[in-house]
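Letter by letter, the chains look like this.
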Amino acid sequence: MLGNAAFADYCVPDYVFGTSDDDYIDGVELGDISNFSGPGDDWNDFTDFSTTLIPGLTYDLTVYNTPSWTEEYMAWIDYNQDEVFSDDERLTPDNVVLTEGASAVISFTVPFGALPGATRMRVMCVYFPGVLIDPCPAGIYNYGEAEDYTINIPAAGPYDIGATAINDLTSACGMGITPISINITNFGTEPTGSFQIAYQINDPVLGLLPVVTETYPGPAIPSLTSATYTFTDLADFSNIGEYTVTAYTIYPADAEPLNDQKEISFTSIPVVTTYPYYEDYEAGTGGWLPGGTESTWELGIPAGFAIIGAPPATPGSLNSWTTELDDYYALNEKSFVESPCYDFSSLSFPFMEFDLNYDIQLYDDGAKMQYSTDGGASWADLGAIGEGENWYNHNGCYAMWPTFYIDNYDGWSGNSAGWLHAFLNLDFLAGETDVKFRFVFASSNYWNFNDGFAFDNMWIGDPYPNDLGVSLLMDPESGPFLTATETVTVEITNYGTLPQSSFPVAFQVDGGSVISETFGGTIAPGTTATHTFIGTANLLALGDYEFKTWTNLATDEDELNDTLITEVSSLLPIADTGAYYIYSN
């Protein structure tokens, strides 16, 4: 019965309740197999679906989970066609855990020893099995589903050679002239040494470049072994953007063309050397790249339930980095957006500022920033609670464990009530030549109904000589018994290196009349001062008021931090108590 997967005598998995409570495999994709069957029987014979896998090559099996429950997955291919799914035929060493509606890619390499002919693949999901999934359960699992498919393994001919890997090409900063190294595998039964190899580059600026072809110099590659070849014609990855490199063998006697070619894509990331650096992402990612697992990061206009629209400093902005622009972030998300590389050798007192907005399930979930001084090879936490302005507000972002945990669980969590402007001193990085930053985001497996995190308008550089901004609305504060003549007091920060005096400072309530006055004192560099306006605010009516406060220094060189937007609520007191009603529109 070898080689006949459809009629082979394989065990039939037996669940107690199976798919009766919507524990099922929603979809399976591998090569020519694409089957989105939804809920079915406990075991489903899909051996009419088939694909061809070539020994020595690596493939991706994608499994899609039910939208109802968290499930664990395992898959096998009966390579030796003995009608048993043995441990060494598992496609992944451990169960793959998928949350509701999630998917996962299982990468595996077909062994050279796989017998030619038709054989079987089994994919299983189990609701919390507790141990490594058994391919032949007899009532030991309550809920889940199993699906079987046909895999065709072609017989090797005498002459079959192909490019099986492109080595050491990954997204990196400052890529330039680079050698192309590939692995060549002889899939045939005869030694082979007389053939050509070639590569072609799709450049982000120049498009498809001419093919580079060279002759393999030997020695002959024995059957079922590999050799490495480095082209003498070097590649140029100086242009910034995404590249695709395709490498392949040219051998007229080759009997199997499907395994001749290998392709890889990566991004050449810029190295920032000119400051101040400002990135508003309006022209694209600016070299910031998303990654991680269950990532929901998108670049566009936030249109969520709490994170909506552009930052006040750039009201016409069309692009902000956001976790899920118009929906909730994912469960078990461990994602990030990573910056370009920065050469800080010319900076003496660097700092960063940016706009941020967050709506994150409090306690476990959170976002934070990390930095690297070795181009992303290792990371450290950036800043801590109490540092900078509008920096971390929560010390219990436990979902950071273990992916992003380094020193603590500090981060942003809860709700920011709109866009904020953050500032952090980076003096300790002055002179470093290989700096990177990343925003990391982590969520637990508890249901959330939150938008997540957004950031925009990243600025990095040494302080400007002239740079002022309102950093805090001190009065009025939300509460009951607010009047028609509320005193307005703001805190002003001198972010620059020169003292400032006699400059305008203003406020506006709900888009009404602007009250502008002149600050009469002097603020030394790096310090703060307060200003109490002569003009007052009418907050007599119950409700929420938007306070816009700002400085208007004529020589200000960084206007991104001039303005502060704050919401103040006039609340209804409860008679004869110290409590008050929370007003909401």
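None of these values were measured; they are calculated from a predicted model.

Draft legend 1. Inspection of empty space enclosed by the protein at higher detail. Evaluation of the coordinates by the stated rule reveals 2 cavities of 30 Å³ or more. Here the largest cavity is characterised by a volume of approximately 80 Å³. Considering the residues around the largest cavity, the lining is formed by E389, N390, H421, V470, S471, Y495, L560, N561, T563 and L564. Residue assignment for the lining of the largest cavity shows that the elements contributing at least two residues are strand 36 (468–475) and strand 45 (563–573). By residue class, the composition of the lining of the largest cavity is 4 nonpolar, 5 polar and 1 charged.

Draft legend 2. Focus on the sheet that holds strand 43 (residues 528–532). In space, the 3 strands of this open sheet follow the order 36-38-43, with antiparallel pairing throughout. What marks the edges here is a single partner per strand, and that holds for strand 36 and strand 43. Ignoring strand direction, the axes of neighbouring strands in this sheet form an average angle of 30°. The pairing of strand 36 with strand 38 (residues 489–494) spans 6 bridges and is classified as antiparallel. The partner of V470 across the bridge, within strand 38, is I492.

Draft legend 3. Region of interest: a nonpolar patch on the surface. Side chains of W69, Y127 and F128 sit close together on the surface and give an oily, nonpolar patch of about 290 Å² of accessible area. Among the structural elements, W69 can be located in the loop between strand 5 (58–65) and strand 6 (71–77). Looking at W69, the relative accessible area reads 32%, which means it is partly exposed.

Draft legend 4. Highlighting the pattern of salt bridges. Tallied over the entire structure, the rule returns 5 salt bridges. One salt bridge connects D148 with R120, and the closest N-O pair in it is separated by 2.9 Å. One end of the pair, D148, is in strand 10 (residues 138–153); the other, R120, is in strand 9 (residues 117–126), and 28 residues separate them in sequence. D381 is the salt-bridge partner of K368, the closest N and O atoms lying 3.3 Å from each other. Separated by 13 residues along the polypeptide, K368 in strand 30 (residues 366–372) and D381 in strand 31 (residues 380–381) bring together distant segments of the chain. Neither residue differs from the other here; K368 and D381 are each classed as buried.

Draft legend 5. Region of the structure containing the packing of aromatic side chains. Within this structure, the stated rule accounts for 56 aromatic pairs. Note on Y15 and Y141: the rings are 6.4 Å apart at their centroids and 40° apart in plane angle, and the pair reads as tilted. A residue pair is termed long-range when its members are at least 10 positions apart, and Y15 in strand 1 (residues 14–18) and Y141 in strand 10 qualify at 126 residues. Note on accessibility: Y15 and Y141 belong to one class, buried. Relative to F266, the ring of F237 lies with its centre 5.1 Å away and its plane at 90°, an arrangement referred to as edge-to-face. Taken as a pair, F237 in the loop between strand 19 (235–236) and strand 20 (241–250) and F266 in strand 21 (residues 261–269) lie far apart in primary sequence, 29 residues in all. An aromatic cluster is present here, built from Y281, W288, W297, F354, Y358, W391, Y392, W412, F439, F453 and F455 joined pairwise through their rings. Lying across the ring of Y392, K368 places its NZ or CZ 6.0 Å from the centre. Positioned above the aromatic ring of F336, the side-chain terminus of R438 is 5.6 Å from the ring centre.

Each value, and the rule that gives it
- Residues numbered from 1 in each chain as written.
- Predicted model: local features only at pLDDT ≥ 70, side-chain atom pairs only at ≥ 80, totals over all residues.
- Heavy atoms only, no water.
- 1 Å grid on protein atoms, 1.4 Å probe; cavity = no way out; pocket = protein on both sides within 12 Å on 5 of 7 lines; lining within 4 Å.
- Points joined across faces, edges and corners; volume = space filled by probe spheres on them.
- Helix = DSSP H or I, 4+ residues; strand = E, 2+ residues; numbered from the N terminus.
- Nonpolar A, V, L, I, M, F, W, Y, C, P; charged D, E, K, R; others polar.
- Pairing = 2+ DSSP bridges.
- Axes fitted to C-alpha atoms, helices over the stretch in contact; angles between N-to-C directions.
- Patch = residues over 30% accessible without salt bridge, like charges linked within 9 Å, V, L, I, M, F, W, Y side chains within 5 Å.
- Areas by Shrake-Rupley, 256 points an atom, 1.4 Å probe, with all protein chains shown as cover.
- Salt bridge = Lys/Arg side-chain N within 4 Å of Asp/Glu carboxyl O.
- Buried < 20%, exposed > 50% of the residue type's maximum accessible area, 1.4 Å probe, protein only.
- Phe/Tyr/Trp six-rings, centres within 6.5 Å; stacked < 30°, edge-to-face > 60°.
- Lys NZ or Arg CZ within 6 Å of the ring centre and 35° of its normal.

In short, shape yes, function no, at least from these values alone.
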